[in-house]
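If you want the building blocks of each chain, they are given just below.
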Amino acid sequence: TYLGGGSFDNIFSMDLDTSGNIYVCGYTESIDFPITSGVYDSTFNYGTFDGYISILDPALENLIASTFLGSSGWDFCRDICGSVQRGEPKCHAYLW
């Protein structure tokens, strides 16, 4: 499975929830990085990098949700903690 756009993309962290969905976070330079509708930030913010969080189904066939996290500066999502694996309803991410 490929997750990315037409420029440099990096995954820093991955985690699973109790249903086997895969949470990934990292950073991207791609203005065409795949983003889903109805998310926190659907627009690349034109810093050098934008952070992102994406959720894929267990078969890695469908992008459930994907959002940018960033500003006009350098933004990275460095880590997703294990709360999703414990069945907690929130995904916590460390942004830098």
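Quick note: structure is the one above.
In this text the structure is predicted, and so the values were computed from the model without any measurement.

Basis of the calculations
- Residues numbered from 1 in each chain as written.
- Predicted model: local features only at pLDDT ≥ 70, side-chain atom pairs only at ≥ 80, totals over all residues.
- Heavy atoms only, no water.
- Helix = DSSP H or I, 4+ residues; strand = E, 2+ residues; numbered from the N terminus.
- Buried < 20%, exposed > 50% of the residue type's maximum accessible area, 1.4 Å probe, protein only.
- Contact = heavy atoms within 4.5 Å.
- Areas by Shrake-Rupley, 256 points an atom, 1.4 Å probe, with all protein chains shown as cover.
- Pairing = 2+ DSSP bridges.
- Core = buried A, V, L, I, M, F, W, Y, C linked by side-chain atoms within 4.5 Å.
- Phe/Tyr/Trp six-rings, centres within 6.5 Å; stacked < 30°, edge-to-face > 60°.

> Quick question: what am I supposed to make of the overall build of the chain here?
Looking only at helices and strands, one finds 0 helices and 6 strands in the chain. Beginning at the N terminus, the succession of helices and strands in the chain can be written as β-β-β-β-β-β. The buried share of the chain, taken over its 96 residues, is 42%. Partitioning the contacts of the chain with sequence separation of at least 6, the portion at a separation of at least 24 is 56%. Accessible area for the chain stands at about 5,400 Å²; split by element, carbon and sulfur atoms hold 52% of it.

> Explain the pairing of strand β2 (residues 22-28) here, please?
Regular strands place side chains that alternate from one sheet face to the opposite one. The element β2 is extensively covered by neighbouring structure, given that 7 of its 7 residues are classed as buried. Every second residue of β2 is oriented toward a common face, with Ile22, Val24, Gly26 and Thr28 on one face and Tyr23, Cys25 and Tyr27 on the other, all of them buried. Alignment of strand β1 (residues 9-16) against β2, held across 7 bridges, turns out to be antiparallel. Following the sheet pairing, aspartate 15 is matched in β2 by tyrosine 23. For β2 and strand β3 (residues 50-56), the ladder comprises 7 bridges, and the chain directions are antiparallel. Counterpart to threonine 28 in the pairing with β3 is aspartate 50.

> What is the right way to read the nonpolar core from this model?
Nonpolar side chains in soluble globular proteins tend to be buried together. Ranked by size, the top nonpolar core spans 8 residues in total: Leu3, Ile22, Val24, Phe33, Phe44, Tyr52, Leu56 and Phe68. At the level of elements, β2 and β3 are the ones that each hand at least two residues to this core. Sequence-distant contacts of leucine 56, defined by excluding residues within four places in its chain, comprise Thr1, Leu3, Asn21, Ile22, Val24, Asn62, Leu63 and Ile64. Listed in part, the 7 residues of the second largest apolar core include Cys25, Ile53, Ile55 and Cys77.

> Any chance you could explain the packing of aromatic side chains here in plain terms?
Centre distance and the angle of the planes are the two values used to describe a pair of aromatic rings. Following the criterion strictly, the structure yields 7 aromatic pairs and no others. Ring plane angle 85° and centroid distance 5.4 Å describe the contact between phenylalanine 44 and tyrosine 46, whose orientation is recorded as edge-to-face. Put simply, the rings of Phe33, Phe44, Tyr46, Tyr52 and Phe68 pair up and form one aromatic cluster.

> Explanation requested: the environment of phenylalanine 33 in the structure shown.
Mapped onto the elements, phenylalanine 33 comes out in the loop between β2 and β3. The spacing of phenylalanine 33 and leucine 3 is 30 residues in sequence and 7.9 Å in space, taken between C-alpha atoms. Once you skip the residues sitting within four places of it in the chain, phenylalanine 33 turns out to touch Leu3, Gly4, Gly5, Asp9, Thr28, Tyr52, Ser54, Ser66 and Phe68.

> What should I look at first to understand the environment of arginine 78 in this one?
Along the polypeptide, arginine 78 turns up in strand β5 (residues 77-80). The exposure class of arginine 78 is partly exposed, given its relative accessible area of 35%. Considered as a pair, arginine 78 and glycine 51 are 27 residues apart in the sequence and their alpha carbons are 8.5 Å apart.

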